[in-house]
Amino acid sequence: MDWKKLSTTKINKVYCGLFLTRCYLCNASCQSTLCKHCEAGFVSNKHHCQRCKRPMTNQKDTICLHCTLFPPPYKACIAPFRFEGITKTLIHHIKFHQGNHYIRPLTYLLSQHLHQHYENRAWPEQLIYIPSHPKRIKERGFCQTRTMSAQLIKQLRQTLGDHSPTLAVPNPLSKIQHSQAQHSLSRTHRLDAPQSVYSVQGRVAKHVALFDDVMTTGSTIENATRLLQQAGAEQVDVWVIARTADKQD
Ligand SMILES: [Zn+2]
Ligand SMILES: [Zn+2]
């Protein structure tokens, strides 16, 4: 076999066929990153608002009240899972228990959904992530959204080659104000949080993917989207692994 004549996609297929024969979570024999049994354990964000992917119980509504009153500034939102069950456990382990090895199955699943979404659409040119504050990065020893973004781009490059979005280095978005963790704030406080928590520096592409691991109320994503638009982005697509349901508070 002449390896030089093979495309990146074909080389990847051969590589996966040779070496990727175990499920990353349960070690069962399979031909993918996750076996069907483990993949089925992730709670799909099936019924959701068409704009912001907020989980909805009333299946008749296609757009949530929030998006009806305040249409979000981003073009698309890809949020395949709900922040519960195995997804919540894995993200919790990554954040608080050095579970970096769980990043790969999560970004693998997100990449599968991205391929579906962009099948007949143009991929963004650049990936920008919502970063943690430097103080929190120091406490944890790493920025989980940065590590996740790097892994996601690595996986996308294996299938898209040179058509893959590139990871902006350094990340143009930085957190300049240390805010209380969102999950410990009530919804009212989250919505009241100041908008100048992030700042943008450096080149921003015209079509950007904005990545975060979990989307809660959407206010962080919306604020960051507006900042990227002010810096020159014409289209912002939101990529998140999981979406939370609204709390009744
Ligand atoms: Zn498995
Ligand atoms: Zn909505």
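Once a new chain begins, its residue numbering starts again from 1 and follows that chain's sequence as written. For this description, chains carry letters from A and ligands carry numbers from 1, given in the order in which they are written. The model is predicted, so local features are restricted to residues of pLDDT at least 70 and side-chain atom pairs to those at 80 or more, both for listing and for counting; the totals for chains, interfaces and linings are taken over all residues. Computation of side-chain values covers all heavy atoms of the structure but excludes hydrogens and water.

## A look at the pairing of strand β3 (residues 126-129)
Put simply, side chains in a regular strand alternate between the two faces of the sheet.
Part 1: Note on exposure labels: buried denotes an accessible area under 20% of the residue type's maximum, exposed denotes more than 50%, and partly exposed covers the range between, all computed with a 1.4 Å probe on protein chains only. Strands here mean DSSP runs of E at least two residues long; helices mean DSSP runs of H or I at least four residues long; both are numbered from the N terminus. Residues Q126 and I128 of β3 are buried on one face, and the alternating residues L127 and Y129, pointing to the opposite face, are buried as well.
Part 2: Any two strands are treated as partners once DSSP identifies two or more bridges connecting them. For β3 and strand β4 (residues 166-167), the ladder comprises 2 bridges, and the chain directions are parallel. In the sheet register, Q126 faces β4, and the bridge partner there is T166.
Part 3: In this sheet, strand β7 (residues 207-215) lies alongside β3 in parallel orientation, the contact comprising 4 bridges. Across the sheet, residue Q126 finds its bridge partner in β7, namely V208.

## Digging into the state of the cysteines
Part 1: Disulfides are defined as pairs of cysteine sulfur atoms found within 2.5 Å of each other. One pass over the full model with this rule turns up 0 disulfides.
Part 2: Of all cysteine sulfurs, the one in C23 lies closest to C30, which takes part in no disulfide; the gap is 5.1 Å.

## Considering the coordination of the zinc ion (ligand 2)
Part 1: In this description, a donor is an N, O or S atom within 2.8 Å of the metal centre, a cutoff extended to 3.2 Å for sodium, potassium and calcium. Water is not part of the atom list, which can make sites seem incomplete. The coordination sphere of the zinc ion (ligand 2), as far as protein atoms go, consists of C49 (SG), C52 (SG), C64 (SG) and C67 (SG), spread over 2.3 Å.
Part 2: Key to geometry: four donors with every angle between 85 and 135 degrees are tetrahedral; four donors are square planar and six octahedral where opposite donors lie over 155 degrees apart and all remaining angles lie between 65 and 115; all other sites are irregular. Every donor counted, the 4 donor atoms about the zinc ion (ligand 2) form angles of 102 to 114° at the centre, which fits tetrahedral coordination.
Part 3: Sequence spacing of the donors to the zinc ion (ligand 2): C-x2-C-x11-C-x2-C. Linking C52 in the loop between α2 (36-40) and α3 (65-69) with C67 in helix α3, this pair joins segments that are 15 residues apart in sequence.
Part 4: When its relative accessible area of 2% is taken as the criterion, C52 is described as buried.

## Focus on the pattern of salt bridges
Part 1: For salt bridges, the criterion is a side-chain nitrogen of Lys or Arg within 4 Å of an Asp or Glu carboxyl oxygen. Applying the stated rule across the entire model yields 2 salt bridges.
Part 2: Between R157 and D162 there is a salt bridge, with its nearest N and O atoms 3.3 Å apart.

## A look at helix α4 (residues 85-96)
Part 1: Every helix has an expected span of 1.5 Å times one less than the residues it contains. Here α4 contains 12 residues, and its C-alpha end-to-end distance of 17 Å stays within 8% of the 16 Å for a straight helix at 1.5 Å per residue.
Part 2: The set of residues buried in α4 consists of T87, L90, I91, I94 and K95. For α4, the arc enclosing every buried residue in end-on projection is 130°, short of the 170-degree limit, so these residues lie on one face.
Part 3: Contacts from the buried residues of α4 go to β2 (81-82), α5 (103-117), α6 (134-140), α7 (144-160), β7 and β8 (235-243).
Part 4: Positive phi shows up at Q98, right after α4, with a value of about 50°. To obtain the arc, one takes the directions from the helix axis to the C-beta atoms. Any pair of residues with heavy atoms lying within 4.5 Å of one another is described as a contacting pair.

## Describing the nonpolar core
Part 1: Counting 34 residues, the largest nonpolar core has L114, L152, L156, F211, W239 and I241 as its most contacted members.
Part 2: Looking at this core, the elements with two or more residues in it are α4, α5, β3, α7, β7 and β8.
Part 3: Per element, the largest residue contribution to this core is 6 residues, and it comes from α5.
Part 4: An automatic or database domain assignment is the source of the domain bounds shown. Viewed by domain, this core spans two of them, domain 1 (1-40) and domain 2 (41-243), each represented by three or more residues.
Part 5: Take the buried residues of types Ala, Val, Leu, Ile, Met, Phe, Trp, Tyr and Cys, join any two whose side-chain atoms come within 4.5 Å, and each joined set is a nonpolar core. In this structure, C49, A168, Y198 and V208 belong to the second largest nonpolar core, which totals 26 residues.

## Structural notes on the coordination of the zinc ion (ligand 1)
Part 1: Bound to the zinc ion (ligand 1) on the protein side are C23 (SG), C26 (SG), C35 (SG) and C38 (SG), at distances that span 2.3 Å.
Part 2: Viewed at the metal, the 4 donor atoms of the zinc ion (ligand 1) are separated by angles of 107 to 114°, and the geometry they form is tetrahedral.
Part 3: Linear spacing of the donor residues for the zinc ion (ligand 1) on their chain is C-x2-C-x8-C-x2-C. Highlighted residues: C23 in the loop between α1 (8-19) and α2 and C35 in the loop between α1 and α2, separated in sequence by 12 residues. Comparing C23 with C35, the two get one shared label, buried.

## Let's talk about the pairing of β8
Part 1: The buried fraction of β8 is high, at 8 of 9 residues.
Part 2: Pairing between strand β1 (residues 76-78) and β8: 3 bridges, direction parallel. Looking at the pairing, A76 lines up with D237 of β8.
Part 3: In terms of strand pairing, β2 meets β8 through 2 bridges, oriented parallel. Note on β8: the bridge partner recorded for F81 is A242.
Part 4: As paired elements, β7 and β8 share 8 bridges and run parallel to each other. Note on β8: the bridge partner recorded for V214 is A242.
Part 5: What joins β7 to β8 is helix α9 (residues 219-230), and the crossover it makes is right-handed. A right-handed crossover is one whose linking path, passing over the helix from the first strand to the second, runs clockwise when the strands point away from the viewer.

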